[in-house]
Amino acid sequence: MKLRSNSPRWFRWRWLLLLFVVVSGIGLALPAFRGPRGGRARHAGTPHRPGMQSDDPRTDAPLSPVSANERLGSEQHGNDVQASAPRDQNDGTEQPAAVGLLEIKGSQSSESDTNAAALVSANVVAETAKVAMLGSESWTRFRGPNGTGVSSDSGVVTEWSDSKNIKWKTPLPGAGSSSPIVTDRFVFVTAYSGYGARADQGSIDQLKRNLSCIDRSNGKILWTKSIEAVQPEDAYRGMGVPEHGYATNTPVTDGKSVYAFFGKSGVVAYDMDGNELWKTSVGTESGNRGWGTAASLVLYKNLVIVNAAEESQSIRAIDNATGNEVWKATASALELAYGTPVIARVDDQRDELVIAVPGEVWGVNPDTGKLAWYAETTLTGNLSPSVILDGDIIYVFGGYRSSGSMAIRIGGTGDVTKTHVVWTSRNSSYVSTPVLYQGNLYWIDDRGTYYCVSAKTGELLHRSRVTGIQSRDRPVYASPIAVHDVLYFQTRHDGVFVTSSKPELDVLHQNRFESDSSMFNATPAVSGGELFLRSDTYLYCLGSSSSS
């Protein structure tokens with residue numbers, strides 16, 4: 001039978017067929033455009049990963065100086081790690097799957113436990129030495145000692161309001177999502193001004209980034225240093241920059257200098273009196289989303305280590321005395337990697353800089369920038385949470401949208417996907433970094449759901465909606481902290497939820513400042529029995545009268 005060309009059915013199927021061909025073509029083209037595992041090569045020849053180190057990492061000399069056109073390594077690929085999770089028939093939400101759980105029995109288990117305990121001890125000793133140098137009342141980087149978010153301080157307040165347990169409240173020169181850092185004498189915090197969050201602010205060419213030094217004893221601003229933004233800067237629009245602003249990177253201090261990362265405007269070092277020591281650019285590019293910069297600085301030996309994924313698809317190490325670049329590791333897989341790396345002690349001869357990128361986790365030699373090992377993950381898309389370290393295990397979360405979490409054993413050489421993955425789960429946090437406390441991982445995700453997961457197995461111990469959270473649009477950006485058996489969860493508009501440190505959600509107090517309606521994106525800091533909170537408008541020091 002001859003099909004008539006003017007048949008309505010024929011026209012309908014012809015257009016559907018044409019639509020299918022177009023969509024299929026776009027789908028085939030996108031991976032090539034975006035690069036491996038979601039990464040995007042901004043420059044021809046950029047490798048997927050940094051270069052691998054030699055068998056003896058001590059023979060790899062630091063790569064200094066490195067020109068802007070040099071690239072490290074060549075692209076390598078391993079096998080995918082897959083995770084499956086059945087859906088709960090009652091609420092349609094996904095339950096965790098512990099895939100690839102390593103079972104170590106007999107003497108091997110004992111040896112593994114002994115090694116893990118030794119690594120925990122080594123990391124604790126290293127952090128204790130830093131605290132001794134800086135003073136016992138120090139919280140000197142994002143999420144405190146080695147990024148754990150854990151404090152053993154006692155006497156930290158669990159209740160406060162506009163009229164209760166406020167030691168001081170200081171207006172800030174601008175908004176920001178960065179956390180305060182604290183020494184025994186000073187509090188440092190960054191902010192941005194001139195454009196963005198506040199309605200009276202002007203055009204993007206007026207954007208400035210600021211670092212303020214506050215007297216810890218009374219909240220008085222001792223000095224503020226401003227840096228004009230390098231242009232062109234990412235615009236304040238859409239779902240990116242307006243969520244966190246232009247001051248998201250938390251500064252870091254070694255007690256003698258303070259270092260601030262201002263994204264495209266570079267890394268700047270000041271002495272404690274506010275004198276600029278040096279300023280170094282780490283790139284002026286934008287990621288493929290234009291969401292702005294987020295990662296915080298890490299100190300290692302005499303190096304300031306920068307995750308400049310957004311600015312140049314690179315990780316860089318800068319000499320803390322001169323500002324000179326010591327090494328640079330460039331890789332396209334850094335695209336959309338917003339988290340802060342962590343320093344891990346593998347053994348007496350070896351430290352690693354561990355960072356999660358879309359689709360992989362890397363162990364990098366922090367002295368040279370060479371890649372020691374990598375493990376493929378199920379976490380793809382943009383990654384905001386930072387790596388969590390506990391002994392010889394690191395935990396990674398994130399991906400779009402909240403694509404999962406994994407536990408991976410550090411160390412090894414090359415592709416360790418098949419040997420070092422401990423567990424994989426579909427439970428995840430999209431922005432906030434969970435806190436690991438007494439064997440469990442805790443967080444509230446960006447939908448307002450509380451989670452408690454076993455760090456050993458990845459098993460979901462408890463999950464429930466936090467009824468006190470009223471705001472619906474990504475109510476949590478800040479990361480939780482644990483202080484002396486109590487957990488603190490900072491929300492953006494619904495105050496701080498103080499809970500007990502047990503799997504079931506047990507809210508002890510919900511504290512808020514009725515006089516401050518601005519956004520709270522910053523992770524709290526704890527030091528010397530005092531709690532420091534930061535909003536887009538104010539910096540707060542909280543403490544009981546007995547701790548004064």
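This structure is a prediction, so every number in the text was calculated from the model and none was measured.

Student: What's the story with the sheet that holds strand 5 (residues 208–215) in this structure? I'm lost.
Tutor: Sheet strands pair by backbone hydrogen bonding; their relative direction is either parallel or antiparallel. Sheet architecture is open: four strands sit in the order 3-4-5-6, paired in antiparallel fashion. Here the strands that pair on one side only, and so sit at the sheet edges, are strand 3 (181–182) and strand 6 (221–228). As defined by bridge partners, strand 5 adjoins strand 6 across seven bridges and the pair is classed as antiparallel. Across the sheet, Leu211 pairs through a bridge with Lys225, a residue of strand 6.

Student: Sorry, what's going on with empty space enclosed by the protein here?
Tutor: Empty space among the atoms becomes visible once a probe the size of a water molecule is rolled across them. Considering all chains together, one arrives at five cavities of 30 Å³ or more under this definition. As a volume, the largest cavity reaches approximately 480 Å³. Around the largest cavity, the lining is made up of 32 residues, and of these Thr248, Ala294, Ser384, Val431 and Tyr477 lie nearest the centre. Looking at the lining of the largest cavity residue by residue, the classes come out as eleven nonpolar, 19 polar and two charged. Reported here for the second largest cavity is a volume of approximately 50 Å³. What lines the second largest cavity is Arg209, Glu233, Asp234, Gly245, Tyr246, Gly263, Lys264, Gly292, Thr293 and Glu311.

Student: Can you walk me through the confidence of the model for the protein in this structure?
Tutor: Any region with low pLDDT has predicted coordinates that should not be read closely. For the protein, the average pLDDT comes to 81, and 75% of its residues sit at 70 or higher. With pLDDT under 50 throughout, residues 1–5 is counted as low confidence; its partners more than four residues away or in other chains account for four contacts. Low confidence marks residues 63–114, where pLDDT is under 50. Its contacts with residues over four positions away, or in another chain, come to 109 contacts.

Student: What is the right way to look at the pairing of strand 33 (residues 530–534) in this model?
Tutor: Side-chain direction in a regular strand flips from residue to residue, so the side chains alternate between the two faces of the sheet. Across the five residues that make up strand 33, a large majority, five, are buried. Alternating residues of strand 33 divide into Glu530, Phe532 and Arg534 and Leu531 and Leu533, and every residue in both groups is buried. Relative to strand 33, strand 32 (residues 525–527) runs antiparallel, the two being bridged by three bridges. Across the sheet, residue Ser527 finds its bridge partner in strand 33, namely Glu530. Looking at chain direction, strand 33 and strand 34 (residues 538–542) are connected through four bridges and run antiparallel. Bridged to Leu531 within strand 34 is Leu542. From the end of strand 33 to the start of strand 34, which pair antiparallel, there are three residues.

Student: How should the sheet that holds strand 25 (residues 440–444) be read in this particular structure?
Tutor: Pairing is antiparallel in the open sheet, where four strands are placed in the order 24-25-26-27. Of all the strands in the sheet, the pair left with one neighbour each is strand 24 (435–437) and strand 27 (460–465). The average angle at which neighbouring strand axes cross in this sheet is 15 degrees, direction not considered.

Student: I'm lost on the environment of Ser518 in this one. Help?
Tutor: Following the sequence through the fold, Ser518 ends up in the loop between strand 31 (507–511) and strand 32. Along the backbone, Ser518 and His493 are 25 residues apart, and their C-alpha atoms lie at a distance of 7.5 Å. A polar contact of 2.6 Å, which involves the side chain of Ser518, links it to the side chain of Asp516. A distance of 3.0 Å separates polar atoms of two side chains, one belonging to Ser518 and the other to Thr537.

Student: I tried to follow the environment of Lys225 on my own but got confused; where do I start?
Tutor: With respect to the helices and strands, Lys225 occurs in strand 6. For Lys225, a relative accessible area of 30% translates into the label partly exposed. Residues Lys225 and Thr190, spaced 35 residues apart in sequence, show a C-alpha to C-alpha distance of 9.4 Å. The contacts of Lys225, once residues within four sequence positions are left out, are Arg209, Asn210, Leu211, Tyr270 and Gly274.

Student: Can you help me understand the pattern of salt bridges in this one?
Tutor: Two side chains with opposite charge may pair up if their charged atoms get near one another. According to the stated counting rule, one finds 17 salt bridges in the structure shown. One salt bridge connects Arg49 with Glu376, and the closest N-O pair in it is separated by 3.9 Å. Of this pair, Arg49 sits in the loop between helix 1 (8–34) and helix 2 (106–134) while Glu376 sits in strand 18 (residues 371–376), and the two are 327 residues apart along the sequence. Of the two residues, Arg49 and Glu376, neither departs from the other in class, the shared state being buried. Residue Glu243 pairs with Arg492 through a salt bridge whose shortest N-O separation is 2.9 Å. Linking Glu243 in helix 3 (residues 241–244) with Arg492 in the loop between strand 29 (486–490) and strand 30 (496–500), this pair joins segments that are 249 residues apart in sequence. Owing to a relative accessible area of 11%, Glu243 belongs among the buried residues under this scheme. Residues participating in the shared-partner salt-bridge network are Arg209, Glu233, Asp234 and Lys264.

Student: What is the right way to look at unusual backbone geometry in this model?
Tutor: The bulk of non-glycine residues show a negative phi, and the bulk of peptide bonds are trans. With omega at 0 degrees, the peptide bond leading from Gln231 into Pro232 counts as cis. Position of Pro232 among the secondary structure elements: in the loop between strand 6 and helix 3. At Asn165, a position not held by glycine, the phi torsion is positive, near 60 degrees. Structurally, Asn165 can be placed in the loop between strand 1 (150–151) and strand 2 (166–171). Since its relative accessible area comes to 23%, Asn165 is described here as partly exposed. Its identity is not glycine, yet Asp485 carries a phi of approximately 75 degrees, on the positive side.

Student: I would appreciate a short explanation of the packing of aromatic side chains in the present structure.
Tutor: What the rule picks out here adds up to 20 aromatic pairs. For the ring pair Tyr236 and Tyr246, a centre distance of 6.3 Å and an interplane angle of 35 degrees mean the geometry is tilted. Taken together, the residues span a long stretch of sequence, with Tyr236 in the loop between strand 6 and helix 3 and Tyr246 in the loop between helix 3 and strand 7 (252–253) at a distance of ten residues. For Tyr246, a relative accessible area of 2% gives the class buried. Between Tyr400 and Tyr430, the aromatic rings sit 6.1 Å apart at their centres with planes inclined by 65 degrees, giving edge-to-face as the arrangement. Here the residue Tyr400 occupies a position in the loop between strand 20 (393–398) and strand 21 (404–409), and Tyr430 occupies one in the loop between strand 23 (421–425) and strand 24, the gap between them amounting to 30 residues. Members of the aromatic cluster, joined through ring pairs, are Phe186, Phe188, Trp223 and Tyr270. The residue whose ring lies beneath Arg49 is Tyr374, and the NZ or CZ to ring-centre distance is 3.7 Å. Seen from the ring of Tyr538, Lys169 lies directly overhead, with NZ or CZ sitting 4.2 Å from the centre.

Parameters at a glance
Just so you know, the residues in each chain are numbered from 1, in the order the chain's sequence is written. Given that the model is predicted, a residue must reach a pLDDT of at least 70 before its local features are reported, and side-chain atom pairs must reach 80 or more before they are shown or counted; all residues, however, enter totals for whole chains, interfaces and linings. No hydrogens and no water enter the side-chain calculation; it runs on all heavy atoms of the structure. Two strands pair under a simple rule: DSSP has to find at least two bridges between them. The helix count covers DSSP runs of H or I at least four residues long, the strand count covers runs of E at least two residues long, and both are numbered beginning at the N terminus. Only protein atoms enter the calculation, which uses a 1 Å grid: trapped sets of points that fit a 1.4 Å probe without letting it out are cavities, open sets showing protein on both sides within 12 Å along at least five of seven lines are pockets, and any residue with an atom within 4 Å of a point is a lining residue. Grid points are joined across faces, edges and corners, and a volume is the space filled by probe spheres set on the points. Gly falls in the polar group here, along with every residue not listed as nonpolar (Ala, Val, Leu, Ile, Met, Phe, Trp, Tyr, Cys, Pro) or charged (Asp, Glu, Lys, Arg). The score called pLDDT rates the predictor's confidence residue by residue, from a low of 0 to a high of 100. Only heavy atoms matter for contacts: two residues are in contact if any of them lie within 4.5 Å across the pair. The rule is simple: take the accessible area with a 1.4 Å probe, protein chains only, and divide by the maximum for that residue type; under 20% is buried, over 50% is exposed, in between is partly exposed. Angles run from 0 to 180 degrees between N-to-C directions of axes, and those axes are lines fitted to C-alpha atoms, restricted for helices to the stretch in contact. Polar contacts, as used here, are pairs of N or O atoms within 3.5 Å; protein pairs need one atom able to donate a hydrogen and one able to accept it. Residues neighboring in sequence count only if both atoms are side-chain atoms. The rule for a salt bridge is simple: a side-chain nitrogen of Lys or Arg has to be within 4 Å of a carboxyl oxygen of Asp or Glu. Stacked, tilted and edge-to-face are the three classes applied to pairs of Phe, Tyr and Trp rings, where Trp contributes its six-membered ring and a pair requires centres within 6.5 Å; stacked means planes under 30 degrees apart, edge-to-face means over 60, and tilted covers the rest. Charge-over-ring contacts are defined here by two conditions on Lys NZ or Arg CZ: a distance within 6 Å of the ring centre and an angle within 35 degrees of the ring normal.

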